[in-house]
Amino acid sequence: MESLAMGGYGAYVWSSFGLMFIVVIISAVQARNRHHRALLDVTRRIKAMEAKK
Amino acid sequence: MWKFFHKLASPPHFYRMAPGFILGFGIVGCALILWGTYAGLFLAPTDYQQKDAFRIIYVHVPAAYLSMMAYSIMAISAGIGLIWRMKLAHSVAAAAAPLGAWFTFVALATGSIWGRPMWGTWWEWGDPRLTSELLMLFIYFGYIALRSAIDDVSKADKSSAVLALVGAVNIPIIHYSVTWWTSLHQGQTVAAGKMAPDMLTPLLINILGFTFLFGALLLYRVRTEVLLRESRARWVKSMLLPEAGGA
């Protein structure tokens, strides 16, 4: 427990590490969502073009 | 070797090759970060001046380093795209911007959290290191806003590339700000060899780990850019709708 308290600086240390990891996770999720949306969009566009032919 | 790069720059080849690299970089990055973070939090000795608050360095420095590395990648790719009209280069520049903005935000926020107990303030207006890093965040925002404001992709590429190149002036300013002016921010620590090895090693491991993870995220985003830009290409059609006879 003592090592988790970081000599009284626990709030500063843990919030910094927490923030970094949250941002990494958010950017990974964003990248994944963006790709999925792009796949759907492009598929829809190609299907619409096919239908026109 | 050159053949390999040339092939990699072809969009369908890049699209097929990228997932392997993304997975590999992601796994290596996460493993290094787990190791570096554990060592930084629990194995590295307590700093005699800053006590345990110094451990913020293990996320603050990687974030700050990546914020500038992302900008350099963005500006250099934008330049390559402008000069040699290479489409993949513009994709890389566009993909680097949001990641760079995120890491700039983390560098500023963790720096602020670190500043509170050490300097007695969250923020100091007019401090050269803090202000130039904040300026970079705004340049990232400007770049992203400019891209999304222009519908024509090749026009967006060109205008945003000019912005990225002009904003690159800020990079050496950020880097040397603590040397050129008096700043609250501590001077160069890592490059100047001022850290004890048992404190430095976890930091280097984390820098390397976050760099690998950044590489994975960047490739992921570039892959999406490539897909969107190539949406009319035959390889995309035959990949997404093989039954439509695109091939």
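Residues numbered from 1 in each chain as written. Chains lettered and ligands numbered in written order. Predicted model: local features only at pLDDT ≥ 70, side-chain atom pairs only at ≥ 80, totals over all residues. Heavy atoms only, no water.

Observations concerning the interface of chain B and chain A
Cut-off, in case you're wondering: Any two residues whose heavy atoms approach within 4.5 Å are treated as being in contact. Buried surface area refers to the total accessible area, computed with a probe of radius 1.4 Å, that the two partners give up upon joining, counted for both partners together. What counts as a salt bridge is simple: a side-chain nitrogen of Lys or Arg found within 4 Å of a carboxyl oxygen of Asp or Glu. Polar contacts, as counted here, are pairs of nitrogen or oxygen atoms within 3.5 Å of one another; within protein the pair requires one atom able to donate a hydrogen and one able to accept it, and residues that are adjacent in sequence qualify only if both atoms are side-chain atoms. Numbering goes from the N terminus for both helices and strands, where a helix is a DSSP run of H or I of at least four residues and a strand is a run of E of at least two.
With 43 residues of chain B at the interface, the matching set in chain A holds 33 residues. Carbon and sulfur atoms make up 77% of the area that chain B and chain A hide from each other, which totals about 3500 Å². Among the residues chain B hides against chain A, the three largest losses belong to B:Trp102, B:Tyr220 and B:Arg221. Together they make up 16% of the total. Linking chain B to chain A there are two salt bridges. B:Lys237 is the partner of A:Glu50 in a salt bridge, and the nearest nitrogen-oxygen pair spans 2.7 Å. For the pair chain B and chain A, the interface holds eight residue pairs in polar contact (both at pLDDT 80 or more). Sorting the residues of the side of chain B that touches chain A by element identifies helix H2 (11–43), helix H3 (57–84), helix H4 (87–119), helix H8 (197–229) and helix H9 (234–240) of chain B as the ones contributing at least two each.

With respect to the packing of aromatic side chains
Just so we agree on the cut-off: Pairs were defined over the aromatic rings of Phe, Tyr and Trp, the Trp ring being its six-membered one, requiring ring centres within 6.5 Å. Orientation was assigned from the angle between planes: stacked under 30 degrees, edge-to-face over 60, tilted for the rest. When a residue's accessible area, from a 1.4 Å probe over protein chains only, is under 20% of the maximum for its type it is buried; when over 50% it is exposed; and in between it is partly exposed. A ring is considered to have a charge above it if a Lys NZ or an Arg CZ atom is located within 6 Å of its centre and within 35 degrees of its normal.
Evaluation of the coordinates by the stated rule reveals 15 aromatic pairs over all chains. Considering the side-chain rings of A:Phe21 and B:Phe210, the 6.1 Å spacing of their centres and the 45° angle between planes classify their relative orientation as tilted. Here the residue A:Phe21 occupies a position in helix H2 (residues 10–52), and B:Phe210 occupies one in helix H8, the pair thus bridging two chains. With a relative accessible area of 30%, A:Phe21 lands in the partly exposed category. You can call B:Phe210 buried: its relative accessible area is 1%. Aromatic side chains B:Phe25 and B:Phe212 sit 5.5 Å apart centroid to centroid with 70° between the ring planes, which places their arrangement in the edge-to-face category. Here the residue B:Phe25 occupies a position in helix H2, and B:Phe212 occupies one in helix H8, the gap between them amounting to 187 residues. Accessibility expressed as a relative area gives 27% for B:Phe212, which makes it partly exposed. We note B:Arg223 situated over the ring of B:Tyr15; from NZ or CZ to the ring centre the distance is 3.9 Å.

Topic: a nonpolar patch on the surface
Put simply, the test is: Patch definition: residues with relative accessible area over 30% and no salt bridge; like charges joined within 9 Å; nonpolar side chains (Val, Leu, Ile, Met, Phe, Trp, Tyr) joined within 5 Å. Using a 1.4 Å probe, accessible areas were evaluated by the Shrake-Rupley method; residue-level cover was limited to the displayed protein chains.
Together, B:Leu82, B:Ile83, B:Trp84, B:Met86, B:Val162, B:Leu165 and B:Val166 line one region of the surface with nonpolar side chains, adding up to about 680 Å² of accessible area. Secondary-structure assignment places B:Val162 in helix H6 (residues 153–167).

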